[in-house]
Each structure stands twice: as structure tokens, then as C-alpha cells.
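# Coordinate inspection notes
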Amino acid sequence: ARIETSMTSTATARLGVRPRFRDAPSVRSVREHRTALAVPRRSTAVRAKSASGEHAVDVPLPTSGALAPPPWVRDAVAQWPWRGGLEPCGEHAVTRLSQEHVTGVVPNDLVGSLYRVGPGRIRVGSTKYKHWFDGDGAVFKVQFNEDGTVDAGTKFVRTKRLETQELAERQQNNQDVGIAVRGAWTQASADFPLANFGKFPTNPSNTSPMFHAGKLMALCEGGAPVEIDEDTLATKGLVNFESKNKSETMPMGFSAHAKKDADGVLYTWGLASPPAIGMAVGKISESGKVLKVVDLPLCAASEQGGAVDYEFTMIHDCAMSEKHLVFIVPPWRLKPGFDMKLVKALAGAESFGHAFAWDAGKGAWLVVLRKDDLSVVVTREIKNMSTYHFAGAYDVLGDKSNGGNDSVRVLVNELNGERHDLEKRFGDMYLSEWAPDGYNTLCEYVVDLKTGSLVRDAPLVPRAETPGSQSRKNAAVAGQLPMEFPIVAPASFGRAPRFVYTLCFAGSGGGYFDAIQKLDVGAETHQVRFLQPGVFPSEVEFVPKRKIGGDEKEDSGYLLYLEYDSSEHKSAVVVLDAQDVAGPELCRVKLPYHVPYSFHGTYKHAEREGVK
């Protein structure tokens, strides 16, 4: 999420410039010509208003008990069955599943655990959160054991906001009291007036899991990481990284997509801690010690030491190469104005997230930092575009296609449609309807590190037409489908990846993600796994095969993903051979419950003697 994500992106600010930034190394800033800012968006196809034919699945939602939905949920799910995957599932302790839940064979080098994090609920009783990314975080785990057995479970992240909400429900002896806390997009209900005034939005801890310094953490831009017990999924408390240098304070926010390098060093970014203002980037050692914190320059005036307008923006993800961190910040902003939206948001009178607006007169802001000292290499305004996620980046020394200058190549999602339309969908997922304009095209940007120019931006693979019956039969299409959540194999780090795995919208008629694609860069056709009607996948996780000897191929590994079967209102964990995405399943773990759609995941191999 976060389609970040709350925030797969929580609001983060560039409110000015701190004095120490004015002493930063000189930077290269170039502004693109204004005529380059207008980018044509892909046209929106006529959208069906409901699922039909084989996609009109009868979803067996609960009819009694705490999980029984209100009538409006039943109506929404009857219209589009994929929406059943938004529903809460409660908590399930990590337990051993009976063998009847496992079909196929668990590969013997897949011993370990998959963790997924996402919103465990996006409604409280009959009251909806006002954005998908405001939902209360939950962690799911499936563990593959050496004897072939499988354990699974899911639990909420016990945040302060969740405990406050539950306290309000107990005090009123009512599970339908409304929203008791303020979120980034969701204001507390009228019955809790003091929960908004002067309060900063709470952290739902709902976006992604990460292991660092021996801890499993649930991450979200809304605040500090939360430590989770990797065995039981119990919440252990906040994780605070401290710096020995008192002048360097870690950001108040912590990125949901913090980047971990091969040497164990972690890079994160977020809203700077008060009384400082702006955005900051932190570098953390393998053991959890803060090594360095710097300001992130987010406009031309800031790098020249000048004053900057008070303004909020969002940074959900960045791309990491061997030597650089690359940020691309779309012009989705909360600016001061006569409408007083910024003032009202800061005071708690209005939502932060819903006060943002698209600035059509501005381009996205590109920043390249050196990883070794976090110094600024490039800043510039580029074309008007929107993005949430990256697939990665790699450096090219003496790039012949760039006149011999060094370059960094960035694989970035470009939103096909308009950002305000996407945010409107996220604002009410139960009523959202999806088409190709709500998804992305994976592009390659080439940044000249000497001149600071964006010398090329184009689709990594040409766009595909909506697949016909023959493409579905062949399990391949000529081009990339509308996509999100791009994933590459760890073995490709530091070089151009040959393969990228994406979650796709193939237009089958189900109205949501319905396919997994393996992009083969340079090839004419690309493998696609088309899912059955009524079945909807989540982001895939690439798990490398254990090395037995010699160099492994880039795609030597497994793809793991959760899928929601609306006909049973249950989920399954599917294991595929990453070299044959459209081929037979290696293993399927059918869960006795469904898992609400999650955003991101991570995999941890179990320690095994003599195996790397």
C-alpha cells in the first residue's frame, strides 16, 4: 500500500527548510520545459456496473455473529463479488492445519514463513473508514515446516488506536459506536468530537512487514514501526531507532517501503520529527543504530536555501540501486490557500488525506541521493505523472546509450488515469469500480547523473490489448497488462532485470485484479496466469530457491501469493514455479477462513544446517 497505504502513503510534509540543509553539498537542479508537463492519459473504457455471467458469484457471507455484515455490504458484494475480500475475518491463532487443507507437495527448500500485512478491516460495525489505507492493520502468516505440515494464522496489530476504539465499544457496550479515533483520511465520528481537534492522524500499521535488527516489524508511514512476534503474531510494541548524534533525529514517520541493502543497512524516510519541519531520510545499521539523517529537498527553492511554501505531499516508495536512492514525488499536494484546507487539516477540523489535490501545472519532483553519505546528486522537476510503486533501479557506468555519461535506470509505475479518480476509488472500496485507468504501466526512466537530465522515459514493455480467447488459451499476451505491485528476483539487484512479476487487470469481467504476469524484457510475448472467475489474487512474493551449487538463473525460485475465492468466501496460499507462472501449482494451502486483501509481504527462510 499501499497501492500503498494508513498510508500506503500517509501525508508527509515539506513545510520549509531547516538550517542544516543550507550547508548540504551543492546539488544539480534542472527544470523541465513546461510543455513537457502535460501527459496524455489512457482513455477510460466503458465500465460494467456489476459482474455478470460466470463472474456473478454468490458469496456466502456470514449471516450471524460478529462478522455478519450490514445490508449495504451484502448489496455491494452482490454487485461485485471481489468486494467480499474487503470484509474482516477476525483473528485466528497460528495453528497447525490438517493435511486435508494442503494439496500438492511443499518444496523441500521452501521451509520458512510468508508474512503479509494489510487492513484487517475497513469498517467498524456499519461505519466505513473513509479510505482503504485507514483500515486497522493485521498480519497474516503461513509457515511451511520441514515435515511437510503447514501452520497459519492472522492477528490485528494492537496499536493504540485499535485499543482506543475497542475501549469506546466496551464503554458503550456497542460494537457499532462509530469511529473513535482520527485517521489520515477518516475523521472521528460526531460522538467523539475531541478525537479530532488538535490531534495528529493515528497510525494503523497496515502496509508491509519487514525483518530488521532481529525484529519483525509492521510498517506504515503513519508512525513508528510496530514489533510483531514472528511466531505468534502478538504485538510487542513500538520500535524506536535512536541516534548517538543528538542533532540527528529520526523521522516521525517511517516508510512502509524502507529499503534494506545487501550489507544489512536500512534506508527509510518520513515526516521529520517536531520541532523540525520537512521530510527526512534516515540510514540505519544492520544492528539498528542510526548512522545518518538528512533533509530531503522537495523543491527548487529549498536546495538554494530559500523559503518554501508550507505544503504537504506524499512519498510512499522509492527505488534503490547499488549506489543511489531515487525518489519521484507526484504533484499530489495539500497547499495553503483561501479555502483554508491546510489550516483546517492541521487543526483537526477536516481530513488530511481528502484535502489533497492534483496540481496539473506542476511536474513530479525527482531526487537522487548517494547511499554512502546521503548527499544529493540530482534534483529536478520532470513531467506531470503519478506513481505509488517502483520495481527497482540499477546504475550504468559509462552508459553508451547516454553519451558515455553515468546513469541510473529506474523501473517505475506510471498511473494510466487520473490520481483524483484513483483516490476516489480508495476512498470507498466497497463502492469502487475498476478499469484500466485505475492501474499502471511499468516504465523505465533513465537519469543522466552528470547533467541531471531525464533522458528517456518509456514503457519497459509495450502495452497489451485486452486479452482475447486465444491469448487466454495460450496463457500469454503480446505486451504488459494494466498492473500494480511489480516484483523482481533478488538476484537481479544491481543490474537490469530480465523478469518482472506483476499483479494485473486482464478485463475478464470480474472487475478487479484477475491475473499474474511474468514480463520477459525484450521478448514479444509474456506469460500470464489467468485466474478462474470469482478468484482474485494479491501481490506475489518471489522466494529464491536454496542454492545447492553454482549460479542460479534469475527466475530460479517460487512465487507465493494469497488468493480470495469469492464462491467460498475463503482464501488460499498458492505456490508456483517462478519459471512457469502459467503452469501447474506446486502446492495450495486452503485456509478455513478468508484473509482480507493485504498490501505487501516478506518471506523468511527457516534456519537449516548446511543450507544457504
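The rules behind each value
- Residues numbered from 1 in each chain as written.
- Predicted model: local features only at pLDDT ≥ 70, side-chain atom pairs only at ≥ 80, totals over all residues.
- Heavy atoms only, no water.
- Buried < 20%, exposed > 50% of the residue type's maximum accessible area, 1.4 Å probe, protein only.
- Helix = DSSP H or I, 4+ residues; strand = E, 2+ residues; numbered from the N terminus.
- Pairing = 2+ DSSP bridges.
- Core = buried A, V, L, I, M, F, W, Y, C linked by side-chain atoms within 4.5 Å.
- Contact = heavy atoms within 4.5 Å.
- 1 Å grid on protein atoms, 1.4 Å probe; cavity = no way out; pocket = protein on both sides within 12 Å on 5 of 7 lines; lining within 4 Å.
- Points joined across faces, edges and corners; volume = space filled by probe spheres on them.
- Nonpolar A, V, L, I, M, F, W, Y, C, P; charged D, E, K, R; others polar.
- Polar contact = N/O pair within 3.5 Å; in protein donor to acceptor, adjacent residues only side chain to side chain.
- pLDDT = per-residue confidence, 0-100.

Counting buried positions along strand β23 (residues 365-370) gives five out of six residues, so the element sits mostly inside the fold. Examined bridge by bridge, strand β20 (residues 324-329) and β23 share six bridges and lie antiparallel to one another. Within the sheet, the bridge partner assigned to Phe327 lies in β23 and is Val367. Counted along the chain from β23 to the antiparallel partner strand β24 (residues 376-381), the turn is five residues long, and its residue Leu374 has a positive phi close to 60 degrees.

Glancing now at the nonpolar core. If you look at the biggest cluster of nonpolar residues, it comprises 56 residues, and the most contacted ones within it are Trp82, Trp132, Met429 and Tyr512. Where this core is concerned, the elements lending two or more residues are α1 (71-79), α4 (341-347), α5 (419-427), β30 (483-487), β31 (499-504), β34 (535-537), β36 (557-565) and β37 (570-577). If sequence neighbours within four positions are ignored, Met429 has contacts with Trp82, Arg83, Leu86, Ile122, Trp132, Trp434 and Tyr512. Core analysis: the second largest hydrophobic core is formed by 22 residues, Val106, Val142, Val575 and Tyr593 among them.

Moving on, we come to the layout of surface pockets. The calculated volume of the second largest pocket comes to roughly 560 Å³. Taken together, 24 residues form the lining of the second largest pocket, with Lys160, Arg161, Pro201, Thr202 and Asn203 sitting closest to its centre. A breakdown of the residues in the lining of the second largest pocket according to their chemical character gives ten nonpolar, nine polar and five charged.

Turning our eyes to something else, we now look at the sheet that holds strand β16 (residues 279-284). Paired through their backbone hydrogen bonds, the strands of a sheet run either parallel or antiparallel. The strand order across the open sheet formed by four strands is β14-β15-β16-β17, and the pairing between neighbours is antiparallel. The sheet is open, and its two edges are formed by β14 (259-260) and β17 (290-295), each paired on a single side. Where β16 lies against β17, five bridges are found, and the strand directions are antiparallel. Across the sheet, Ala280 pairs through a bridge with Asp295, a residue of β17.

What follows concerns the side chain of Glu381. If you trace the backbone, Glu381 turns up in strand β24. A relative accessible area of 3% places Glu381 in the buried class. At 2.7 Å, the side chain of Glu381 and the backbone nitrogen of Gly363 are in polar contact.

Across the protein chain, the average pLDDT comes to 89, with 88% of residues at or above 70. Low pLDDT, under 50, characterises residues 1-40; the predicted model gives this stretch 163 contacts beyond four residues in sequence or across chains. In the model, residues 304-308 has pLDDT below 50 throughout and makes eleven contacts with residues more than four positions away in sequence or in other chains.

A word on the environment of Gly270. Relative to the helices and strands, Gly270 is located in strand β15 (residues 266-271). Looking at Gly270, the relative accessible area reads 4%, which means it is buried. Each C-alpha atom, one on Gly270 and one on Met252, is 6.5 Å from the other, the two residues being 18 residues apart in sequence.

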